[in-house]
Amino acid sequence: MFDQIRWLKYFLPIPVSSPIYLLFFVTSKCTGRCRHCFYWRSLNQKEDALKLEEIEALSRKTGRLLQLTVTGGEPLLREDLAEIFQIFYRYNQPFNFGLATNGYFPDRLEKIMNRVLSATIRSNFTVGLPVEGPAELNDSIREVKGAFERTYQSLKILKGLKAHFPRLTILVDITASHFNQDHLLETYRMVRDDWKPDLINLIITRGEPKEAEAKQMAPEKIRALLGLMETDIRSGKIPGYGFSPRVLQAKDLLLRRIALEIFEGKKRRLKCQAGRLIGVIFPEGQVYPCELWSEPIGNLRDFDYDLKKIWRSEKAKQVRGEIVDRDCRCYHQCFLSPSLFFDPGYFWKMFQEMI
Ligand code: SF4
Ligand code: SF4
């Protein structure tokens with residue numbers, strides 16, 4: 001109970017000393033070649049990623065985290081991934097850990113997740129796997145032969161782990177793009193009926209994808225899938241998160257509708273929490289308010305690995321001001337989600353979704 005009360009202050013419009021919702025790109029290495037990837041320019045460049053001792057220094061100086069999402073590139077390509085999770089558990093004990101993986105390394109996933117889940121017993125854990133369509137379509141969008149089968153093997157491994165670690169939530173993300181917009185319903189039904197994860201999410205291709213055409217989509221095709229997803233959630237067909245499922249399902253229902261409205265060019269009142277509650281760390285220690293911001297606030301290596309110093313800096317204050325002034329609205333769910341959750345203006349709407 002105390003643990004949940006501690007987060008209440010973040011609903012108030014007061015300054016915060018460091019982000020509580022952290023996205024950490026642990027590597028830019030990836031064996032994927034997805035046509036809709038927004039991170040493609042940075043992939044597989046020569047990099048001097050933060051080492052374990054640097055990550056430990058960062059973690060020691062950062063307070064409690066509500067959420068730590070580890071992403072990339074492909075995080076499983078880091079040999080020390082299990083240790084990274086253990087460090088953050090030791091010093092920051094996130095309420096929920098997230099791992100975004102492409103699912104191409106089922107054996108490695110099993111080995112690492114076994115260790116990590118055994119060592120992080122008081123945190124929830126969500127692992128997200130991507131699928132873009134039935135096998136042939138999926139592999140052509142991801143440009144990796146056999147990707148579908150390997151991701152499916154990863155799903156089966158996660159299901160085996162969940163039998164021992166029920167606090168694990170298995171999420172499957174479908175990214176809607178120009179390339180699969182005519183197969184969204186079919187893909188969703190396949191995931192729902194055959195793969196049966198705890199959660200299915202629909203992401204709209206974002207940022208500047210490798211192939212610009214990826215963002216050319218008919219909104220009504222996305223809307224049709226959202227309608228089916230909402231019906232399934234309300235009828236209890238989708239189990240949801242292993243923690244606070246009703247609140248989070250309500251938040252996700254709203255979130256996906258808002259994302260589609262923003263994609264269509266409509267304006268929504270939403271206070272983006274990037275640069276306040278949300279922060280992004282890139283592999284070499286660059287700290288950004290969000291993935292789409294053009295320049296970093298600072299680099300951990302120049303600030304003695306102290307995220308709080310960066311968050312208190314003049315530059316951070318200036319960026320927070322710019323975010324308010326620009327009033328930019330992207331439909332990037334990683335940022336929409338906490339922004340919506342911590343916006344008291346949406347309490348009532350979320351409550352209505354729960355009834
Ligand atoms: S979307 Fe993910 S898996 Fe695909 S190329 Fe980009 S980083 Fe790699
Ligand atoms: S609205 Fe999007 S681009 Fe703008 S600050 Fe927030 S996350 Fe970044």
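Look a little higher up for the structure.
Engineer: Please clarify how the site of ligand 2 should be interpreted in this entry.
Structural biologist: Around ligand 2 sit Cys272, Ala274, Pro289, Cys290, Leu292, Trp293, Ile323, Cys328, Arg329, Cys330, His332 and Phe335, and that is every residue in its neighbourhood. Looking at the shell around ligand 2 residue by residue, the classes come out as 10 nonpolar, one polar and one charged.

Engineer: Honestly, the pairing of strand 7 (residues 278–281) in this entry has me stumped. Any pointers?
Structural biologist: In the case of a regular strand, side chains alternate between the two sheet surfaces. Burial of the side chains of strand 7 extends over both faces: Ile278 and Val280 are buried on one face and Gly279 and Ile281 on the other. Bridge analysis of strand 1 (residues 21–25) against strand 7 gives four bridges, and the strand direction is parallel. Along strand 7, the bridge assignment pairs Leu22 with Gly279. Sheet analysis places strand 7 next to strand 8 (residues 286–288), joined by two bridges and oriented antiparallel. Bridged to Val280 within strand 8 is Tyr288. Two successive antiparallel strands, strand 7 and strand 8, enclose a turn made up of four residues, where Gly285 displays a positive phi of approximately 95 degrees.

Engineer: Teacher, can you tell me more about the packing of helix 5 (residues 135–142) against helix 6 (residues 147–164) here?
Structural biologist: Each pair of packed helices can be described by the angle between their axes along with the distance between the axes. Two numbers describe how helix 5 lies on helix 6: the axes approach to 8 Å, and their chain directions differ by 105 degrees. On the basis of the axis angle, helix 5 is roughly perpendicular to helix 6. Between helix 5 and helix 6, the contacting residues are Ala135, Asn138, Asp139 and Arg142 on the first element and Ala147, Phe148 and Glu149 on the second. Residues belonging to the contact of helix 5 with helix 6 are distributed by class as follows: three nonpolar, one polar and three charged.

Engineer: Where do I start with the nonpolar core in this structure?
Structural biologist: Note on soluble globular proteins: their nonpolar side chains tend to be buried together. Residues Phe24 and Ile174 are the most contacted members of the largest nonpolar core, which totals 81 residues. With eight residues, the next largest nonpolar core counts Cys34, Cys37, Phe179 and Ala214 among its residues.

Engineer: Whenever I open this one, the site of ligand 1 confuses me. Can you help?
Structural biologist: Every residue near ligand 1 is listed here: Cys30, Gly32, Arg33, Cys34, Cys37, Tyr39, Gly72, Gly73, Glu74 and Asn102. Looking at side-chain class alone, the shell around ligand 1 contains four nonpolar, four polar and two charged residues.

Engineer: Looking at this model, I keep getting lost on helix 3 (residues 81–92). Mind explaining?
Structural biologist: The α-helix advances 3.6 residues per turn, and as a result positions three or four apart in sequence lie on the same side. Taking 1.5 Å of rise per residue, the 12 residues of helix 3 would be expected to cover 16 Å, and the 16 Å separating its terminal C-alpha atoms lies within 8% of that figure. Among all positions in helix 3, only Leu81, Ile84, Phe85, Phe88 and Asn92 are buried. Projection of helix 3 onto a plane perpendicular to its axis shows the buried side chains occupying an angular sector of 95 degrees, all on one side. Those residues of helix 3 that are buried are in contact with helix 2 (52–60), strand 2 (67–71), strand 3 (96–100) and helix 4 (106–119). Downstream of helix 3 by one or two residues, Gln93 has phi in the positive range, about 30 degrees.

Engineer: Would you mind showing me how to read the packing of helix 4 against helix 6 here?
Structural biologist: Interaxial distance between helix 4 and helix 6 falls to 9 Å at its minimum, and their mutual angle equals 25 degrees. In terms of orientation, helix 4 and helix 6 fall into the roughly parallel class. Where helix 4 crosses over helix 6, the two elements pack in a sense that is right-handed. Of helix 6, the residues touching helix 4 (which contributes Pro106, Leu109, Glu110, Met113, Asn114 and Leu117) are Arg150, Gln153, Ser154, Ile157 and Leu161. Class assignment for the residues of the contact of helix 4 with helix 6 results in six nonpolar, three polar and two charged.

Engineer: How should the sheet that holds strand 6 (residues 199–204) be read in this particular structure?
Structural biologist: Strand pairing in a sheet is mediated by backbone hydrogen bonds. Such pairs are either parallel or antiparallel. Reading across from one edge, 6-5-4-3-2-1-7-8-9 is the order of the nine strands in this open sheet, with mixed pairing throughout. At either margin of the open sheet sits one strand with a lone partner, and together these are strand 6 and strand 9 (298–299). Docked against the sheet, helix 6 engages strand 4 (124–130) and strand 5 (168–176), running at close to 155 degrees with respect to strand 5. Helix 7 (residues 184–195) rests against strand 5 and strand 6 of the sheet, and its axis sits at about 165 degrees to strand 5.

What counts as what
Residues numbered from 1 in each chain as written. Chains lettered and ligands numbered in written order. Predicted model: local features only at pLDDT ≥ 70, side-chain atom pairs only at ≥ 80, totals over all residues. Near = placed C-beta within 6 Å. Nonpolar A, V, L, I, M, F, W, Y, C, P; charged D, E, K, R; others polar. Buried ≥ 20, exposed ≤ 12 C-beta atoms within 10 Å, placed from the backbone. Helix = DSSP H or I, 4+ residues; strand = E, 2+ residues; numbered from the N terminus. Pairing = 2+ DSSP bridges. Axes fitted to C-alpha atoms, helices over the stretch in contact; angles between N-to-C directions. Parallel < 35°, antiparallel > 145°, perpendicular 65-115°, else oblique. Contact = placed C-beta atoms within 7 Å. Core = buried A, V, L, I, M, F, W, Y, C linked by C-beta atoms within 7 Å. Expected span 1.5 Å × (residues − 1). Arc of directions from axis to C-beta. Left-handed = near helix turned anticlockwise from the far one by under 90°.

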